[in-house]
Each structure stands twice: as structure tokens, then as C-alpha cells.
Amino acid sequence: MNYDYPQTDLSRGILSGLFAGLIAAVANTVFALVYRGVTSFYEFNGLDVTVIVFGSILQLITCGLLFSFFVHYHKRGIGFYRLLVVIITIAIVFLGIMVRQSVMGSVPYDFKFLVVGTQVVIGCLAAFLIPYLSSHDKLIS
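Residues numbered from 1 in each chain as written. Predicted model: local features only at pLDDT ≥ 70, side-chain atom pairs only at ≥ 80, totals over all residues. Heavy atoms only, no water.

Side note on the overall build of the chain
Item 1. Summing up its helical and strand segments, the chain has five helices and zero strands in all.
Item 2. Starting at the N terminus and ending at the C terminus, the chain contains elements arranged as α-α-α-α-α.
Item 3. Relative to its full complement of 141 residues, the chain shows a buried share of 38%.
Item 4. In the chain, 74% of the contacts between residues at least 6 apart in sequence involve partners at least 24 apart.
Item 5. Surface accessibility of the chain: about 8,600 Å² in total, with carbon and sulfur atoms responsible for 72%.
Item 6. With 8 positive and 6 negative side-chain charges, the chain shows a spacing of 10 Å between the two charge centroids. (Helix = DSSP H or I, 4+ residues; strand = E, 2+ residues; numbered from the N terminus. Buried < 20%, exposed > 50% of the residue type's maximum accessible area, 1.4 Å probe, protein only. Contact = heavy atoms within 4.5 Å. Areas by Shrake-Rupley, 256 points an atom, 1.4 Å probe, with all protein chains shown as cover. Lys, Arg positive; Asp, Glu negative; His and termini not counted. Charge placed at Lys NZ, Arg CZ, Asp CG, Glu CD.)

Spelled out as C-alpha cells, the structure:
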């Protein structure tokens, strides 16, 4: 049986986002556990393992979908996509910190570092790994 079929931009984007999301979930979980262990920051459980794993995967699958849209419909899609990833990553960092501040009052430095660290990992993987994986079919299929 022959299972070879040409990948579409959409399927490449989703598979690239899923693979990058799995890598981000592992990286962010290790980062959060090590950081919390070193700093003994356990007071806020809004960034627990479940949120980090599912959040990383969902964010990067969404980035994969956006990537497929930009590559398919725009001549300079990768450049626009990377610019959008940077803007969205900065927005998520600021929104995460602002929501925490509006709910709980002051925002500890440890929480800010955790949010920024996890989002930088996701943003870097979205900006660089998804385009790389999308152009290398053998890695994702």
C-alpha cells in the first residue's frame, strides 16, 4: 500500500504546530519545574503543568494555522508571520501580567519571569521551528 500523498500548506502548518507544541510543552514544563524548584515560588498555581502543556500545544497549533494562511495567501508570508508572532508574544506577556495584577493585586517578580520565560519559548519555536518543519516534510510526516 502506498501512503504517500502531497502535503498541503494547511496540513504542513497543523503538523508543524503540533510537533512544535509538543516540544514547547516539554521545554516549558521543565523550565517551570526547575524555576519553581530553584526559587521556591509556589504561591500562584495559575501556571501549573496542565495549563503549560495544553496552552503550549494549543498556542503552537494556532500558530501553525496562521503560518499556513500566511504562506498560502501572501507572497512574503514568512516575514509577515514572524512579525505577527513577535507582536502576539509581546501582547500575551503583557496581558498575562495585567490579568494577574487585576485579579490578585501586585505581581511578584517570579510570576513575571515565569510568564515571560514560557512565552519566549513558545514565541521562538513559533517563529523559527514551525517554518523550518513546514519546509521539511520528512520530519513531520
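Topic: the confidence of the model for the chain
Item 1. This prediction gives the chain a mean pLDDT of 85; 91% of its residues lie at or above 70.
Item 2. For the chain, helix α5 (residues 137-140) is the element with the lowest average pLDDT, namely 68, and helix α1 (residues 9-39) is the one with the highest, namely 90. (pLDDT = per-residue confidence, 0-100.)

A short note on the nonpolar core
Item 1. Leu60, Cys63, Tyr81, Ala126 and Ile130 are the most contacted members of the largest nonpolar core, which has 15 residues in total.
Item 2. Elements with a minimum of two residues in this core: α1, α2 (49-73), α3 (77-104) and α4 (109-135).
Item 3. In terms of residue count, α4 provides more of this core than any other element does, seven residues in total.
Item 4. In terms of nonpolar packing, the next biggest core, distinct from the first, is built from 10 residues, Ala32, Phe41, Ile52 and Ile97 among them. (Core = buried A, V, L, I, M, F, W, Y, C linked by side-chain atoms within 4.5 Å.)

Side note on a nonpolar patch on the surface
Item 1. There is a patch of nonpolar side chains on the surface, built from Val26, Val30, Val34 and Val38 and spanning about 380 Å² of accessible area.
Item 2. For Val26, the location among the structural elements is in helix α1. (Patch = residues over 30% accessible without salt bridge, like charges linked within 9 Å, V, L, I, M, F, W, Y side chains within 5 Å. Salt bridge = Lys/Arg side-chain N within 4 Å of Asp/Glu carboxyl O.)

Details of the side chain of Ser16
Item 1. Topologically, Ser16 is positioned in helix α1.
Item 2. Ser16 gets classed as buried once you look at its relative accessible area, which sits at 0%.
Item 3. A polar side-chain atom of Ser16 sits 3.2 Å from the main-chain amide nitrogen of Ser134. (Polar contact = N/O pair within 3.5 Å; in protein donor to acceptor, adjacent residues only side chain to side chain.)

Let's talk about the packing of α2 against α3
Item 1. Closest axis-to-axis distance for the α2/α3 pair is 9 Å, and the angle between their directions is 150°. With respect to α3, the element α2 is oriented roughly antiparallel. When you trace α2 past α3, the crossing you get is right-handed. In this structure, α2 contributes Gln59, Cys63, Leu66, Phe67, Phe70 and Val71 to the contact, and α3 contributes Gly77, Ile78, Phe80, Tyr81, Leu84, Ile88 and Ile92. (Axes fitted to C-alpha atoms, helices over the stretch in contact; angles between N-to-C directions. Parallel < 35°, antiparallel > 145°, perpendicular 65-115°, else oblique. Left-handed = near helix turned anticlockwise from the far one by under 90°.)

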